[in-house]
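Here is how the chains run, residue by residue.
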Amino acid sequence: LLPADARIVCDVGSGPGVTGRALSAAGRTVISFDASRAALHLGPPHPVCAAVDTLPVSDRAVDLALCLEVLEHLPHPVLERAARELDRIARHWLILGVHERENLKRHHLRCPRCDDRFHRSGHVHRFDEAGLVSYFPGWNVCGRWRGGPRVRDYPPPLLWMRQELAGRYCEMGGGDGVSCPRCGE
């Protein structure tokens, strides 16, 4: 998956560093960026606390910028700035990982306190290849890989009836750490 000449890798939104540690074990120099100090305390290689839209890296300083499972969480203005940052720091390669054509409403929760509706994983963007590539003009798609099982889409009319008429959403309980972005419930 990784080009042989990608020796210096910037893992943007590294979280606890699972990917970064694997790349480091394979002989790559990895710099791990995440805005969460808690995630960085879990041991990614060369951790740096920084937001995806303000990376403290010189222009074209890394061979490869890696950004997995991050872009779908960013509000639009931050997403645009993050794309510019990834473009700015990568010398040769970008590897991006997003949920493809995700039906965001399928995973909506409804807060029992304030009635806000939001995605259970905090996703705010739905990407297809053309939409994702549009944030990175000047870059060419050299490969495409799919991971995980295909998810059958929920028919939109049935989803609307389930949520709007029956008031049935994904459940918030279960101790999975999900809280309402509006009221904190």
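So, here is what we can say about the structure in this document. (Residues numbered from 1 in each chain as written. Predicted model: local features only at pLDDT ≥ 70, side-chain atom pairs only at ≥ 80, totals over all residues. Heavy atoms only, no water.)

## Regarding unusual backbone geometry
Then step 1. At Arg 60, a position not held by glycine, the phi torsion is positive, near 55°.
Then step 2. Along the chain, Arg 60 falls in the loop between strand 3 (47-49) and strand 4 (62-68). (Helix = DSSP H or I, 4+ residues; strand = E, 2+ residues; numbered from the N terminus.)

## A short note on the nonpolar core
Then step 1. If you look at the biggest cluster of nonpolar residues, it comprises 24 residues, and the most contacted ones within it are Val 12, Leu 71, Leu 74, Leu 86, Ile 89 and Phe 136.
Then step 2. Counting residues per element, the ones that place at least two in this core are strand 1 (8-12), strand 4, helix 3 (76-89) and strand 5 (90-97).
Then step 3. Here this core gets 6 residues from one element, more than from any other, and that element is helix 3.
Then step 4. Apart from residues lying up to four places away in sequence, Leu 86 is in contact with Val 12, Ala 65, Cys 67, Leu 71, Leu 94, Leu 96 and Phe 136. (Core = buried A, V, L, I, M, F, W, Y, C linked by side-chain atoms within 4.5 Å. Buried < 20%, exposed > 50% of the residue type's maximum accessible area, 1.4 Å probe, protein only. Contact = heavy atoms within 4.5 Å.)

## A word on the packing of aromatic side chains
For any two aromatic rings, the description comes down to two numbers: the centre-to-centre distance and the angle of the planes.
Then step 1. In this structure the tally under the stated criterion is 1 aromatic pair.
Then step 2. When the ring of Phe 127 is compared with that of Tyr 135, the centres are 6.3 Å apart and the planes differ by 75°; the resulting orientation is edge-to-face. (Phe/Tyr/Trp six-rings, centres within 6.5 Å; stacked < 30°, edge-to-face > 60°.)

## As for the pattern of salt bridges
Then step 1. Using the criterion set out here, one finds 11 salt bridges in the structure.
Then step 2. Notably, a salt bridge pairs Asp 115 with Arg 110, separated by 3.5 Å at the nearest N-O pair.
Then step 3. Under the relative-accessibility criterion, Arg 110 is labelled partly exposed at 31%.
Then step 4. Measuring nitrogen to oxygen at the nearest pair gives 2.8 Å for the salt bridge that ties Arg 144 to Glu 129. You can see Arg 144 sitting in the loop between helix 4 (129-133) and helix 5 (156-165) and its partner Glu 129 sitting in helix 4, a full 15 residues away along the chain.
Then step 5. A relative accessible area of 34% means that Glu 129 is categorised as partly exposed. (Salt bridge = Lys/Arg side-chain N within 4 Å of Asp/Glu carboxyl O.)

## Considerations on the pairing of strand 2 (residues 29-34)
Then step 1. Pairing of strand 1 with strand 2, which is carried by 5 bridges, proceeds in the parallel orientation. What sits directly across from Asp 11, in strand 2, is Ser 32.
Then step 2. You can see the chain leave strand 1, run along helix 1 (residues 18-25) and come back into strand 2, and the turn it takes is right-handed.
Then step 3. Strand direction decides the pairing type here: strand 2 and strand 3, joined by 3 bridges, are parallel. (Pairing = 2+ DSSP bridges. Right-handed = clockwise from strand over helix to strand, strands pointing away.)

## Points about a nonpolar patch on the surface
Then step 1. On the surface, a cluster of nonpolar side chains totalling about 430 Å² of accessible area is made up of Leu 158, Trp 160, Met 161 and Leu 165.
Then step 2. Structurally, the position occupied by Trp 160 is in helix 5. (Patch = residues over 30% accessible without salt bridge, like charges linked within 9 Å, V, L, I, M, F, W, Y side chains within 5 Å. Areas by Shrake-Rupley, 256 points an atom, 1.4 Å probe, with all protein chains shown as cover.)

## A short note on the pairing of strand 4
Along a regular strand, successive side chains alternate from one face of the sheet to the other.
Then step 1. The element strand 4 is largely enclosed, with a buried count of 6 among its 7 residues.
Then step 2. Looking at chain direction, strand 4 and strand 5 are connected through 6 bridges and run parallel. In the sheet register, Val 62 faces strand 5, and the bridge partner there is Ala 90.
Then step 3. Considered for its hand, the β-α-β crossover made up of strand 4, helix 3 and strand 5 is right-handed.

## Quick word on the sheet that holds strand 4
Then step 1. What the 5 strands build is an open sheet, ordered 3-2-1-4-5; its pairing is parallel. Both outer strands of the open sheet, strand 3 and strand 5, are each paired with one neighbouring strand and no more. Here the average twist between neighbouring strands, direction ignored, is 20°.
Then step 2. Along the sheet, helix 3 contacts strand 1, strand 4 and strand 5; its crossing angle with strand 5, the most-contacted strand, is approximately 140°. (Axes fitted to C-alpha atoms, helices over the stretch in contact; angles between N-to-C directions.)

That is the geometry; function is a separate question.
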